[in-house]
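Residue-level structural notes
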Amino acid sequence: MSERLSVLKTYKLYVGGKFPRSESGRVYEVTDAKGKWLANAPLSSRKDARDAVVAARKAFGGWSGATAYNRGQILYRIAEMLEGRRDQYVAEVADAEGLSKSKAAAQVDAAIDRWVWYAGWTDKIAQVVGGGNPVAGPFFNLSSPEPTGVVAVLAPQESSFLGLVSVVAPVIATGNTAVVVASEKSPLPALSLGEVLATSDLPGGVVNILSGRTAEIAAPLAAHQDVNAIDLAGADAELAKELEIAAADNLKRVLRPQPVDNADWSATPGTDRMTAFLETKTVWHPTGALGASGSSY
């Protein structure tokens, strides 16, 4: 009996809830830590980046307008599905980062736990960064956080899954939509994440995932007039400087890259990556005429 031939997986982009190939038709070879061929990944173009921004903008109204509780439910559902595909991600992370199976499993478990953690924050972050402000006069003064809009995210280059989750989850937990540029040398876990997102309850366009040359894709995103913010986690110092200059053209929010490694991605993340892409809306509302007792009620 002849040995069965394995079915090689075709990796595609994830844009607007669909799986297109790059419009350029280009691919590039992805290898493991020892140089062994793993797959051909799409080599995204500027046109792919622009298409992803259009999809993210289209999805923003519905996603930002959903209740925080509903966003939390959807993020938790994604974590459930990641748990169900744990073995696949362990294999992909082990290949991508040259880790043993046990160390790769620890990275994947931490990533799933991280996703659950952010799912729990969706309906709590407003209480931490918003609230009532004491003011003089017969007014209620209330501050509440609102999402910035479309956020371009350069995923970390070395931490292909835990680092990816650590930068994507906080962006969408607070109601933003994202265009994600996967790790250039290890994009497969990110492209597989698109398959989970597509079959969860996450609306198409909330997260869009591109693979390819980070500098080539990031440049048009940093200069794009309909991108509101950019996370430079996956950029080196030289590229980050160029992108920050381009981002200034429409006053994007910029989260500069931090000197982290895999160990740091495992640390408790705090709320900084959520608050980095939130705006604060403050509303004044009259309480009515004050009577002799100091209140109209």
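Here the structure is shown first, and the text comes after it.
A few points on the structure. (Residues numbered from 1 in each chain as written. Predicted model: local features only at pLDDT ≥ 70, side-chain atom pairs only at ≥ 80, totals over all residues. Heavy atoms only, no water.)

Digging into the sheet that holds strand E10 (residues 278-286)
What the 3 strands build is an open sheet, ordered E3-E4-E10; its pairing is antiparallel. Bordering the open sheet on either side are strand E3 (131-132) and E10, each of which pairs with just one other strand. Note that E3 and strand E4 (residues 139-147) share 2 bridges and pair antiparallel. When the sheet's bridge partners are listed, Gly132 is paired in E4 with Leu142. (Pairing = 2+ DSSP bridges. Helix = DSSP H or I, 4+ residues; strand = E, 2+ residues; numbered from the N terminus.)

Brief notes about unusual backbone geometry
The residue Leu251 is not glycine, and still its phi comes out positive at about 60°. The topology assignment puts Leu251 in the loop between helix H9 (237-247) and strand E9 (253-255).

Quick word on helix H8 (residues 214-223)
Where H8 is concerned, the buried positions are Thr214, Ile217, Ala218, Pro220, Leu221 and Ala222. Buried residues along H8 sit in contact with helix H1 (46-65), strand E5 (150-154), strand E6 (177-181), strand E7 (207-210), strand E8 (229-231) and H9. (Buried < 20%, exposed > 50% of the residue type's maximum accessible area, 1.4 Å probe, protein only. Contact = heavy atoms within 4.5 Å.)

Things to note about the pairing of E5
Burial runs high along E5: 5 of the 5 residues are buried. Neither face of E5 is open: one carries Val150, Ala152 and Leu154, the other Val151 and Val153, and all of them are buried. Of the pairings in the sheet, the one linking E5 to E6 comprises 5 bridges and is parallel in character. The partner of Leu154 across the bridge, within E6, is Val181.

Here we look at the environment of Leu202
In this fold, Leu202 is placed in the loop between helix H7 (188-198) and E7. Separated by 150 residues in sequence, Leu202 and Ala52 place their C-alpha atoms 16 Å apart. The contacts of Leu202, once residues within four sequence positions are left out, are Trp63, Ile74, Ile78, Ile172, Leu197 and Val207.

A short note on helix H6 (residues 162-173)
For H6, which comprises 12 residues, the first-to-last C-alpha distance of 16 Å matches the rise-based estimate of 16 Å (1.5 Å per residue) to within 8%. With respect to burial, H6 is a largely interior element, 12 of its 12 residues being buried. Looking at H6, one finds that the buried residues are Leu162, Gly163, Leu164, Val165, Ser166, Val167, Val168, Ala169, Pro170, Val171, Ile172 and Ala173. Phi for Gly175, located one or two positions after H6, is positive at around 100°. (Expected span 1.5 Å × (residues − 1).)

Focus on the side chain of Ser160
The residue Ser160 is located in the loop between E5 and H6 in this model. According to the relative accessible area criterion, Ser160 is buried, its value standing at 3%. In this structure the side chain of Ser160 is engaged in a polar contact, spanning 2.7 Å, whose partner is the side chain of Glu97. Residues in contact with Ser160, not counting those within four places in the same chain, are Val93, Ala96, Glu97, Ser186 and Pro189. (Polar contact = N/O pair within 3.5 Å; in protein donor to acceptor, adjacent residues only side chain to side chain.)

Keep in mind that these numbers describe shape and distance, not what the molecule does.
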